[in-house]
Amino acid sequence: MSSRETTLLSRALVGRGAELTALQDAWREGSTARVVSSAAGVGKSRLVRELSSWALAAGGLVLTGRCSSTGQNLPLRPWRETLLAAARAGRRPPAALDAFVPALARVVPEWGAPSFDGSPLVLGEAVLRLLVSWTPDGTSTLLVVEDLQWADPESLAVLEYVIDNLADVPVLVVTTLRDGEGGLGADLARDLVTRRAAVAVRLQPLTDDEVLAVARSCLGNDELPADAGRALIDRCDGVPFLVEELLATAVQSGWDTIGTGVPGSVATAVETRLDGLPRTARTLLAAAALLGRQFDWIVAATAAGVGEDEAAELLRLAVRAQLVAVDGAGFRFRHALTRDAVAGHILPAARAAVAARVVEALIAIDPDLAGERCSLAAEVAAVAGRTEVARELWLRAAARALDEGSLASAEALASRAREVSDDPAVADRFLLRVFAFAGQTERATALGQQLLAHGSDLQDHAEIHLVLGSADLAAGRWDDAEMHAVSTRALVPGDAARLCRADALAALAAMGRDETDTAVTLASVALEGARRTGQPAVECEALEVIGRAARGHDVGAAEAAFTEAYGIAVAAGLGLWQVRAMQELGTIDLFHSLAPDRLLAARSTAIKLGALAAAAVIDLQLCALYDERGDMADAMAAAQRCEDASRRWRLSTLPMSLFMQAAVHARTGDRAAMETAIDAALAIGEDRRYVEAGAFGNARAVYHVATGELRKAAEAGDQGMALLRNHPGAVHPFPGLWALLRTVVDDGGEAARAEVAALQVDTPVSREMLMAAEAVALGQAGDRGAAAARFTEADAALARHQGGFRQSMTRLLLAPAAHADGWGKPIAWLRESLASFESNDLDAFAARCRAVLRQLGAPVPRRGRGEVAVVSPALAARGITSREADVLALVATGATNREVGERLFISTRTVDKHVERLLQKGATSRAGLADLAREAGLLST
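Residues numbered from 1 in each chain as written. Predicted model: local features only at pLDDT ≥ 70, side-chain atom pairs only at ≥ 80, totals over all residues. Heavy atoms only, no water.

Chemist: I'd like a rundown of the overall build of the protein chain, residues and numbers included.
Modeler: For the protein chain, the helix and strand inventory stands at 47 helices and 8 strands. Taken along the three principal axes of its C-alpha coordinates, the protein chain extends 115 × 75 × 45 Å. Burial analysis of the protein chain (941 residues in total) assigns 56% to the buried set. Accessible surface, the protein chain: about 37,400 Å² in total, of which carbon and sulfur atoms supply 51%. (Helix = DSSP H or I, 4+ residues; strand = E, 2+ residues; numbered from the N terminus. Buried < 20%, exposed > 50% of the residue type's maximum accessible area, 1.4 Å probe, protein only. Areas by Shrake-Rupley, 256 points an atom, 1.4 Å probe, with all protein chains shown as cover.)

This is the structure in structure tokens:
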């Protein structure tokens, strides 16, 4: 064979000029996707290689990943190949993507600790942002995913997400798909094209003239005999790959072989070239064919019983015979059809023996069978007839997929194990865990009942009940979950480990029904059992129930429970429980001090661990906290972050994120936006009871307070309370506000106060507003001293909440009644509230404050026009106006009245009057004005 035989490949891309030009235009445009499809061998990969080379020459970035027929159930195979290649080239995620590093570390471990949040949507967002960050300025990135027909479900989910979110992203996604293949990859390709998320590029077979052009390109200066040209056209079916294959065989064995080939197949051509190789080379290629198109040649050599040096030389012979191509540091069959033909050349009697040797080689080289090797070994073991080995390996691969959250692959792998097993119950028990973990409650229930009906092992039955119970919890079926806990106790009364899990399950079910006393009792038993049996996750679970139950009446006990859970989680390395404990500690601050520090720390930890869904929940709680503080901009930003994450990753937090935006709009006085957000939240259909109750009690009622429509506010509170009565264990901040509203409008106040006082679960701010309502009632009854004392107690408690919104709103509601009944300092309260509302840009509440001040005959402070935009509450309480605060800030620095006037563009006489009033209101000397300014924060210490 001459050296020319090694280059019997077409040097030119023939017959694909229009398609290549269209793809090049798409690359320049970016933000789009193409699906290149054809029959096998028609030229998809060659076209994409030409495009890739052109894009690289144009300064673009090219990333390629391949799906594999032998790795269809290896989660994220093409993404692993793509990003691992980038990592080998020295690429890393930039610092701006730190939040997404744990998701990316699922496929590139060297980038960080992998996330326990296995959502392919989160990984899709991570990949998308990574591509954007790596794209050179002024170009596009070309992302190629080949052989989509063999893609695993998680890879398809990531790909779909990337393609669906390409708007304004400088990326061209190109996928290749073989015609005639069914499956999820083909389904996704059709869907993308149908809904115009991608454009189809269909490659047709070559024309006769194009076939001859390919042949001439392959042969170079050599002539193609006329008869051979006619036979080539007849036999290759316009498939350029077959043109090359038939020519390679003809050059090796004679031109007459072209006429004996089988149209549409390479079997004869491959067989001819195999026969020209040494026996050891054929044995080596037989083993390689069982490993897939891209094969580990060391494993193949071990299975064939040849050393590495000899194997390398034999593979070089296979390269010259155009059966194998060099692939980086390894080898691959030149085409998927070539690999199929080599595998088909193995006699059935020899196939099992070769497969057995390949399995042994895989295990010998890598006993852990890391990554793709585990499922590959299972496939080959099945070919070898070693079904029990195949079953165990598929279940091992399935368990790994489940651990990393690749649920669809875990299901597919376990299903393969079931197919080859004489006892499918083992695989079914694993599938039950997958269904429960994935929230597929109906499938879990059906399979669980089937397992219970046919099995007899009590421990297996107990485990099934526990898994079914967790599925019922996810579906909100509290009674069913509790029944599974009861069944577990009956089946294994002496199994301490499972008994405490059953108690935890029952505790969560009771908590779901708002039966907090029962939940605490069960959680306490579960906690003790978990400590005895060494189950830290169950300890954390029980402590979370105890803390959540205590949070509504004993903040100290709740904090102690969550703190203990956090310590256990840290010691045991339970990342998820660390986040959950920190989050629960933060919710204590939400109910108590409104300090955001612990929720912010929990969010930071969640992001570092890759728990972006947990971060979305924390954003929801941060929104509620900022909302209560009166920090509307921060509240809206957190709610919108939660909404964005919920929509992108299909999280259950979406309705509450929309409702919290409604609450923000209520406080800013935008009724139309409030109602739109409420309608959007209710339209989703989830969390309706929380959304509906909050819509009345914490949105519409507050809006009507801001507009001064107190009876409407009270009526909205009535509806919120009516909904709350159906769920007495639910926690909302509005019962105390409702009692205060009913009291100040003097209509049903006594009954409202009594009902709220009797609530077993309530929030601190609700209790404090109830105390304010009691103060109003005492004033209405003529007991001024008791009224003032009770409100002083309530006001001091409300002052502990950072931001001052609830304190200011309470004062706004209470001041007219206090003024009418002659107790307290309602004018000072209103002035301080006005300053607080203005400092948070709560214009609707500020306007209401001014209106009430006018109603009470008090001077109405104006916003400043100088350097001090808002008067502090301390100055407002003394009646100091915004303009006076401007003067104070300058006088305190030692400026003369004339200098102050020049600075503020007012007359010296006007400054004289302002200073005179400051001296009166501050009850101090001119020298003492500096101390007053310092106390108000106008002068640094």
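Read on, since the account is not over.
Chemist: Lay out the sheet that holds strand S5 (residues 199–202) in plain terms, naming residues and giving numbers.
Modeler: Two strands in a sheet stick together by hydrogen bonds in their backbones, pointing the same way (parallel) or opposite ways (antiparallel). Strand order in the open sheet made by the 5 strands is S2-S3-S4-S1-S5, with parallel pairing throughout. The outermost strands of the open sheet, each flanked by one partner alone, are strand S2 (61–66) and S5. Sheet twist, expressed as the average angle between the axes of neighbouring strands with direction ignored, equals 20°. Note that strand S1 (residues 32–38) and S5 share 4 bridges and pair parallel. Residue pairing in the sheet places Ser 37 in a bridge with Arg 202 of S5. The strands touched by helix H1 (residues 17–29) are S1, strand S3 (141–146), strand S4 (171–178) and S5; relative to S4, the strand with the most contacts, the crossing angle is about 145°. (Pairing = 2+ DSSP bridges. Axes fitted to C-alpha atoms, helices over the stretch in contact; angles between N-to-C directions. Contact = heavy atoms within 4.5 Å.)

Chemist: Kindly report on the pairing of S4, identifying the contributing residues and their values.
Modeler: Across the 8 residues of S4, 8 count as buried, placing the element largely inside the fold. Side chains Val 171, Val 173, Thr 175 and Leu 177 of S4 all project onto a buried face; the interleaved residues Leu 172, Val 174, Thr 176 and Arg 178 project onto the opposite face, where all are buried too. Both S3 and S4 contribute to a ladder of 5 bridges, which runs parallel. By the bridge assignment, Thr 141 is partnered in S4 with Val 171. In the classification by handedness, the crossover that spans S3, the intervening helix H6 (residues 153–164) and the parallel S4 is right-handed. (Right-handed = clockwise from strand over helix to strand, strands pointing away.)

Chemist: Residues and numbers for the pairing of S3, please.
Modeler: Here S3 lies mainly inside the structure; 6 of its 6 residues are buried. Of the two faces of S3, the one holding Thr 141, Leu 143 and Val 145 and the one holding Leu 142, Val 144 and Glu 146 are both buried throughout. Taken together, the 6 bridges between S2 and S3 define a ladder with parallel strand orientation. The partner of Leu 61 across the bridge, within S3, is Thr 141.

Chemist: Give me the lowdown on the side chain of Thr 141, citing residues and values where you can.
Modeler: Of note, Thr 141 is situated in strand S3. One polar contact links Thr 141 to Thr 135, side chain to side chain, over a distance of 2.7 Å. (Polar contact = N/O pair within 3.5 Å; in protein donor to acceptor, adjacent residues only side chain to side chain.)

Chemist: Could you give me a rundown of the packing of helix H44 (residues 882–891) against helix H46 (residues 908–922), with the residues and numbers involved?
Modeler: Their axes nearest at 10 Å, the elements H44 and H46 cross at an angle of 90°. With respect to H46, the element H44 is oriented roughly perpendicular. Contacts from Arg 883, Glu 884, Val 887, Leu 888 and Val 891 of H44 reach H46 at Val 911, His 914, Val 915, Arg 917, Leu 918 and Lys 921. (Parallel < 35°, antiparallel > 145°, perpendicular 65-115°, else oblique.)

Chemist: An account of helix H42 (residues 843–855) is needed here, citing residue identities and associated values.
Modeler: A rise of 1.5 Å per residue sets the reference length of H42, with its 13 residues, at 18 Å; its end C-alpha atoms lie 18 Å apart and thus fit the reference within 8%. Restricting attention to buried positions, one finds in H42 the residues Ala 844, Phe 845, Ala 846, Arg 848, Cys 849, Arg 850, Val 852 and Leu 853. For H42, the elements touching its buried residues are helix H32 (654–667), helix H34 (688–707), helix H40 (805–821) and helix H41 (826–839). Among the residues trailing H42, Gly 857 stands out with phi positive, at a value near 80°. (Expected span 1.5 Å × (residues − 1).)

Chemist: Run through the nonpolar core, naming residues and quoting values.
Modeler: Ranked by size, the top nonpolar core spans 141 residues in total, and within it Leu 83, Trp 111, Val 127, Val 173, Phe 659, Met 809 and Phe 845 carry the most contacts. Every residue in contact with Met 809, bar those within four places of it in the chain, is listed here: Val 702, Val 705, Leu 737, Met 769, Phe 837 and Phe 845. With 75 residues, the next largest nonpolar core counts Leu 274, Leu 323, Ala 414 and Leu 451 among its residues. (Core = buried A, V, L, I, M, F, W, Y, C linked by side-chain atoms within 4.5 Å.)

Chemist: Explain the packing of aromatic side chains residue by residue, including any values.
Modeler: One pass over the full model with this rule turns up 10 aromatic pairs. Measuring from ring centre to ring centre gives 5.2 Å for Phe 295 and Phe 333, while their planes differ by 50°; the resulting arrangement is tilted. Highlighted residues: Phe 295 in strand S6 (residues 294–295) and Phe 333 in strand S8 (residues 330–333), separated in sequence by 38 residues. The two residues Phe 295 and Phe 333 agree in class, both being buried. (Phe/Tyr/Trp six-rings, centres within 6.5 Å; stacked < 30°, edge-to-face > 60°.)

Chemist: Quick one: what's the story with the sheet that holds strand S7 (residues 324–327), residue by residue and with numbers?
Modeler: On the basis of which strands lie adjacent, the open sheet formed by 3 strands has the order S6-S8-S7 and antiparallel pairing. Every other strand in the sheet has two partners, leaving S6 and S7 as the edge strands with one partner each. In the sheet, S6 pairs with S8 via 2 bridges, with the strands oriented antiparallel. By the bridge assignment for S8, Phe 295 is matched with Phe 331.

Chemist: Any chance you could break down the pattern of salt bridges for me, citing the residues and the numbers?
Modeler: Within this structure, the stated rule accounts for 69 salt bridges. A cluster of three or more residues bridged by salt bridges with shared partners is formed by Arg 66, Arg 77, Glu 81 and Glu 372. (Salt bridge = Lys/Arg side-chain N within 4 Å of Asp/Glu carboxyl O.)

Chemist: Describe in detail the environment of Arg 742, supporting the description with residues and values.
Modeler: Locating Arg 742 in the fold gives a position in helix H36 (residues 735–744). The residues touching Arg 742, leaving out its near neighbours within four places in the chain, are Ala 714, Glu 715, Asp 718, Asp 747, Gly 748, Gly 749 and Ala 752.

Chemist: Would you mind going over the state of the cysteines in detail, with residue names and values included?
Modeler: By the definition in use, this model includes 0 disulfides. Distance from the sulfur of Cys 374, which forms no disulfide, to the nearest cysteine sulfur (Cys 67) is 20 Å. (Disulfide = S-S within 2.5 Å.)

Chemist: Report on helix H25 (residues 516–533), specifying residues and quantitative values.
Modeler: If you check H25, its first and last C-alpha atoms are 25 Å apart, about what 18 residues at 1.5 Å a residue would give, namely 26 Å. Three or more residues of H25 are buried, namely Thr 516, Ala 519, Leu 522, Ala 523, Ala 526, Leu 527, Gly 529 and Ala 530. Tucked into the core, H25 has its buried residues touching helix H23 (478–491), helix H24 (496–512) and helix H26 (536–550). Gly 534, located one to two residues past H25, shows a positive phi value of around 65°.

Geometric descriptors of this kind do not, in isolation, establish any biological role.
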